[in-house]
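Chain by chain, the residues:
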Amino acid sequence: MFKKSRIKIVAAIMSVLVLLWISTLGLIYISSYLEMAEQNKQMLMAHAEMYTLTQNENTPPPRKPMPNEETDRHEEMPRFQLSTFYTAAISYDRQVLEIQNEQKTLHSDEELEALAYDIIGGDKTWGTKNGLAFYQTDKGSYLLVVFMDNTIMEESVSTLFRYTLIFGGIAMVLFLFLSIFLAKKIVTPLEESYKKQKQFISDAGHELKTPVSVVSVNAELLSREIGDNQWLSNIQYENQRMGLLVS
């Protein structure tokens, strides 16, 4: 009985802790991912705002970017300066005007061009694709798709998730032993009280059986001496009832 009670207490404690752990893990992961995604979007927008198409005889004059405090703020951020950006300028008739790709070993111009056409043909203005965060905008005389390497963000989120799982799992094991200890502490006084109660009932029953037996024997001997008697019959009846209660 008490073993089942301990198991139920441990199960209840661990259920609450696991539920809290999963909820906390989900909130941390989702909030971190959304925050990083929003930062990526802002940096891509800032880079797109600063972008100017290289002039040649076949391209229209670019629209000059307006001064923007938000753009300047992002430009000064260390993460913005360390990030790798790629750009693809596409004319309205779907002709490639310019591909800016400083890391050709990671992504080829053809890959960026294909991604840009795919993104322009879709309905999303920003998001992630093939490990790259992207943002598309209309620069007034052409379409611009800006890419940013998303590997660092994905690795950061994965590392956060992995370490949260590892340390959370270790914490759950520690809490399991703690809950077992607490369950034992909670149940032990009840178990001892129950044992004492059983011992008391056993002792009391044993002590009461002796006088009941003595009264029964004496009443039987007395009935043989005096014969039927109302008062003696009452004594025998009540003594019999007492014997049943004691048993």
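Our subject is the structure that appears above.
Here's a quick rundown of the structure. If you're wondering where the values come from, they're calculated on a predicted model, not measured in any experiment.

## Thoughts on the pairing of strand β1 (residues 85–90)
Link 1 in the chain: Taking burial as the measure, the six residues of β1 include six buried ones, the bulk of the element.
Link 2 in the chain: Burial along β1 is two-sided: the face carrying Phe85, Thr87 and Ala89 and the face carrying Tyr86, Ala88 and Ile90 are both buried.
Link 3 in the chain: Sheet topology note: the β1/strand β2 (residues 96–100) ladder contains four bridges and is antiparallel. Bridge assignment links Ile90 to a residue of β2, and that residue is Val96.

## Here's the deal with the side chain of Ser91
Link 1 in the chain: Relative to the helices and strands, Ser91 is located in the loop between β1 and β2.
Link 2 in the chain: Those residues in contact with Ser91 that lie beyond four places of it in its chain are Leu97 and Tyr142.

## Overview of helix α4 (residues 109–120)
Link 1 in the chain: The end-to-end C-alpha distance of α4, which contains twelve residues, comes to 16 Å, matching closely the 16 Å that a straight helix rising 1.5 Å per residue would cover.
Link 2 in the chain: Every buried residue belonging to α4 is among Leu112, Leu115, Ala116, Ile119 and Ile120, and all of these are buried. Along the long axis of α4, the arc covered by the buried residues comes to 130°, so they all point the same way.
Link 3 in the chain: Looking at the buried side of α4, the elements it contacts are β1, β2, β3 (126–129), β4 (132–138) and β5 (143–149).

## Observations regarding the side chain of Glu98
Link 1 in the chain: Here Glu98 shows up in strand β2.
Link 2 in the chain: Buried within the structure, Glu98 lacks any salt-bridge partner; Lys139 is the closest side chain of opposite charge, at an N-O distance of 10 Å.
Link 3 in the chain: Within the structure, Glu98 has its side chain in polar contact with the side chain of Tyr51 (distance 2.3 Å).
Link 4 in the chain: The residues contacting Glu98, other than those within four sequence positions of it, are Tyr51, Thr52, Leu53, Thr54, Thr87, Ala88 and Ala89.

## Brief notes about the environment of Glu110
Link 1 in the chain: If you trace the backbone, Glu110 turns up in helix α4.
Link 2 in the chain: Look at Glu110 and you get exposed, because its relative accessible area is 58%.

## Comments concerning the pairing of β4
Link 1 in the chain: Among the seven residues in β4, five count as buried, and that is most of the element.
Link 2 in the chain: The sheet contact formed by β3 and β4 spans four bridges and is antiparallel. Bridged to Lys129 within β4 is Leu132.
Link 3 in the chain: Taking the residues between adjacent antiparallel strands as the criterion, β3 and β4 are bridged by two residues, where Asn130 takes a positive phi near 55°.
Link 4 in the chain: With seven bridges connecting them, β4 and β5 associate as antiparallel partners. Opposite Phe134, over in β5, you have Phe147 as the bridge partner.
Link 5 in the chain: Linkage of β4 to β5, two consecutive antiparallel strands, is achieved through a turn of four residues, within which Gly140 is found at a positive phi near 100°.

## What to know about helix α6 (residues 230–246)
Link 1 in the chain: Compared with the 24 Å implied by 1.5 Å per residue over 17 residues, the 24 Å span of α6 between its first and last C-alpha is a close match.
Link 2 in the chain: The elements touched by buried residues of α6 are α5 (151–226).
Link 3 in the chain: N-capping of α6 is provided by Asn229, with a side-chain oxygen placed 2.9 Å from the backbone N of Trp231.

## Quick look at the packing of α5 against α6
Link 1 in the chain: The geometry of α5 relative to α6 is characterised by a closest axis approach of 9 Å and an angle of 155° between their N-to-C directions. Between α5 and α6, the angle falls in the class roughly antiparallel. Note on packing geometry: the crossing formed by α5 with α6 is left-handed. In this structure, α5 contributes Gly205, Leu208, Lys209, Val212, Val215, Ser216, Ala219, Glu220, Leu222, Ser223 and Ile226 to the contact, and α6 contributes Leu232, Ile235, Gln236, Asn239, Met242, Gly243 and Val246.
Link 2 in the chain: Along the lines of polarity and charge, the residues of the contact of α5 with α6 split into ten nonpolar, six polar and two charged.

About the cut-offs
- Residues numbered from 1 in each chain as written.
- Predicted model: local features only at pLDDT ≥ 70, side-chain atom pairs only at ≥ 80, totals over all residues.
- Heavy atoms only, no water.
- Buried < 20%, exposed > 50% of the residue type's maximum accessible area, 1.4 Å probe, protein only.
- Helix = DSSP H or I, 4+ residues; strand = E, 2+ residues; numbered from the N terminus.
- Pairing = 2+ DSSP bridges.
- Contact = heavy atoms within 4.5 Å.
- Expected span 1.5 Å × (residues − 1).
- Arc of directions from axis to C-beta.
- Lys, Arg positive; Asp, Glu negative; His and termini not counted.
- Salt bridge = Lys/Arg side-chain N within 4 Å of Asp/Glu carboxyl O.
- Polar contact = N/O pair within 3.5 Å; in protein donor to acceptor, adjacent residues only side chain to side chain.
- Axes fitted to C-alpha atoms, helices over the stretch in contact; angles between N-to-C directions.
- Parallel < 35°, antiparallel > 145°, perpendicular 65-115°, else oblique.
- Left-handed = near helix turned anticlockwise from the far one by under 90°.
- Nonpolar A, V, L, I, M, F, W, Y, C, P; charged D, E, K, R; others polar.

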